[in-house]
Amino acid sequence: MIEKNWLEQNRFYYQIDGTKLHSIFYFSLVWNIYEKELCGRDGKIRRHPKDHSEKYDQKVNQSLLDSVFNYFRNRYVLNGQPTDHFSTFEFNSEPIKSEVYSCLSSENPSNEEKLKALLFIAFRLRNNLFHGEKQVEKLYEQNENFRQINMLLMNLIDIEKQLSRNQVLDELTAVSQELGMGY
């Protein structure tokens, strides 16, 4: 509450409705875990969307991937044309923006293409949130975008956690077999 009061008094955010920013608040924590555990503490937009789409495209929850993808497709493409939301979305890279649009407007993109496009969107949402122009009214409009991305990132984090557990079990099994312990 102290932070809310301070922002309302000092930053021209006259009344902040936290319910409209809920997913944005959580995004910073979810992103922190994603970047730490999947990006080696240094997320790179030109590296990780490609790497992670290749690694997780067959492991990601299919219905979640389709749901998040369709959410952004409906937000950014209308009748085969980019919406105003997409046109004003800051990517800072025309090739990346073009690749995302191409995927969103494609009739039947692969899981890898969908995941890569969504991770590009996630990286840009993150950069725009932390480095872009902030108007609380504009942030209200972004809450659902962050909710969708949070769900996707949480699924990837859970997958990586399971893969790490499996790797540890495999290593323990191999060592115990070498030692004749039959783990």
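Since we're looking at a predicted model, the values are computed, not measured. (Residues numbered from 1 in each chain as written. Predicted model: local features only at pLDDT ≥ 70, side-chain atom pairs only at ≥ 80, totals over all residues. Heavy atoms only, no water.)

A. Here's a closer look at the nonpolar core. If you look at the biggest cluster of nonpolar residues, it comprises 48 residues, and the most contacted ones within it are Tyr34, Phe72, Val100, Leu104, Ile121 and Leu156. Elements with a minimum of two residues in this core: helix 2 (22-38), helix 4 (62-76), helix 6 (94-105), helix 7 (111-131) and helix 8 (136-178). With sequence-adjacent residues up to four places away left out, phenylalanine 72 is seen in contact with Leu104, Leu118, Ile121, Leu125, Asn145, Gln148 and Ile149. (Core = buried A, V, L, I, M, F, W, Y, C linked by side-chain atoms within 4.5 Å. Buried < 20%, exposed > 50% of the residue type's maximum accessible area, 1.4 Å probe, protein only. Helix = DSSP H or I, 4+ residues; strand = E, 2+ residues; numbered from the N terminus. Contact = heavy atoms within 4.5 Å.)

B. Quick peek at a nonpolar patch on the surface. Judged by side-chain polarity, Val168, Leu169 and Leu172 come together as a nonpolar surface patch covering roughly 250 Å² of accessible area. On the basis of relative accessibility, which here comes to 41%, the residue leucine 172 falls in the partly exposed class. (Patch = residues over 30% accessible without salt bridge, like charges linked within 9 Å, V, L, I, M, F, W, Y side chains within 5 Å. Areas by Shrake-Rupley, 256 points an atom, 1.4 Å probe, with all protein chains shown as cover. Salt bridge = Lys/Arg side-chain N within 4 Å of Asp/Glu carboxyl O.)

C. Here's a closer look at the environment of serine 63. Locating serine 63 in the fold gives a position in helix 4. Exposure remark for serine 63: the relative accessible area of 54% places this residue in the exposed category.

D. Layout of the pattern of salt bridges. A complete count under the given rule lists eight salt bridges for this structure. Lysine 55 is the partner of glutamate 160 in a salt bridge, and the nearest nitrogen-oxygen pair spans 3.0 Å. Highlighted residues: glutamate 160 in helix 8 and lysine 55 in helix 3 (residues 48-56), separated in sequence by 105 residues. Accessibility expressed as a relative area gives 14% for glutamate 160, which makes it buried. Lysine 55 sits in the partly exposed class, given a relative accessible area of 37%. Ionic pairing is found between glutamate 144 and arginine 147, a salt bridge with its closest N-O pair at 2.8 Å. Linking glutamate 144 with arginine 147, this pair stays in helix 8, spanning three residues, or about one helical turn. Among the residues examined, glutamate 144 registers a relative accessible area of 28% and is labelled partly exposed. The exposure class of arginine 147 is partly exposed, given its relative accessible area of 34%.

E. Spotlight on the packing of aromatic side chains. This model, assessed by the stated rule, comprises twelve aromatic pairs. Residues tyrosine 34 and phenylalanine 123 carry aromatic rings whose centres are separated by 6.4 Å and whose planes lie at 80° to one another, so their mutual orientation is edge-to-face. One end of the pair, tyrosine 34, is in helix 2; the other, phenylalanine 123, is in helix 7, and 89 residues separate them in sequence. Note on tyrosine 34: relative accessible area 0%, which makes it buried. Here the aromatic cluster, defined as three or more aromatic residues joined through ring pairs, consists of Tyr71, Phe72, Tyr76, Phe86, Phe89, Phe91 and Tyr101. The lysine or arginine in question, lysine 20, covers the ring of tyrosine 140, its NZ or CZ lying 5.1 Å from the ring centre. The ring of phenylalanine 69 carries the charged tip of lysine 114 above its face, separated from the ring centre by 5.5 Å. (Phe/Tyr/Trp six-rings, centres within 6.5 Å; stacked < 30°, edge-to-face > 60°. Lys NZ or Arg CZ within 6 Å of the ring centre and 35° of its normal.)

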